[in-house]
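Residue strings, one per chain:
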Amino acid sequence: MFGQRVLAPQCASCKQPILPAEGSDETVRVVSMERDYHVECYHCEDCKMELNDEEGHRCFPLNDHLLCHSCHLKHIEPGASSPVAATYQL
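Now for a quick tour of the structure. Everything quoted here is computed from the prediction, not taken from an experiment. (Residues numbered from 1 in each chain as written. Predicted model: local features only at pLDDT ≥ 70, side-chain atom pairs only at ≥ 80, totals over all residues. Heavy atoms only, no water.)

Within the element layout of this structure, Asp36 appears in strand β2 (residues 35-37). One polar contact links Asp36 to Arg29, side chain to side chain, over a distance of 2.4 Å. Not counting the four nearest positions on each side in its chain, Asp36 is found in contact with Pro9, Gln10, Cys11, Ala12, Ile18, Arg29, Val30 and Val31. (Helix = DSSP H or I, 4+ residues; strand = E, 2+ residues; numbered from the N terminus. Polar contact = N/O pair within 3.5 Å; in protein donor to acceptor, adjacent residues only side chain to side chain. Contact = heavy atoms within 4.5 Å.)

Turning our attention to the pattern of salt bridges. Evaluation of the coordinates by the stated rule reveals four salt bridges. Lys74 is paired through a salt bridge with Asp46; the nearest N and O atoms lie 3.7 Å apart. Highlighted residues: Lys74 in helix α2 (residues 69-76) and Asp46 in the loop between β2 and α2, separated in sequence by 28 residues. By relative accessible area, Lys74 is classed as partly exposed at 36%. (Salt bridge = Lys/Arg side-chain N within 4 Å of Asp/Glu carboxyl O. Buried < 20%, exposed > 50% of the residue type's maximum accessible area, 1.4 Å probe, protein only.)

Our next topic: the packing of aromatic side chains. For any two aromatic rings, the description comes down to two numbers: the centre-to-centre distance and the angle of the planes. Applying the stated criterion across every chain, the model contains one aromatic pair. Geometrically, the ring pair formed by Tyr37 and Tyr42 is tilted, given 5.6 Å between the ring centres and 50° between the ring planes. A relative accessible area of 4% places Tyr37 in the buried class. (Phe/Tyr/Trp six-rings, centres within 6.5 Å; stacked < 30°, edge-to-face > 60°.)

Moving on: unusual backbone geometry. Its identity is not glycine, yet Met33 carries a phi of approximately 55°, on the positive side. Secondary-structure assignment places Met33 in the loop between β1 (30-32) and β2. Here Met33 falls in the partly exposed class, since its relative accessible area comes to 25%.

Nothing here speaks to function; it is all geometry.
Written out as structure tokens, the structure reads:
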């Protein structure tokens, strides 16, 4: 197990190693924007909605941030007044 922990990819969100589930040899991870994520850590950074390949749950990255479609649009609207919008400026 120690070898797995050392060689395991690190989650870009929680910074913990991505390891197989107990009793399994298979590691399940999401790769997005050339980074690895635990499935449960792959969510919109604004609204926290789980992101995946399903319609309405896809990732629309903006300046290296994971966003759902709605939050992505919110941050690219001219004059967006969200305090978070400043960190997403194009």
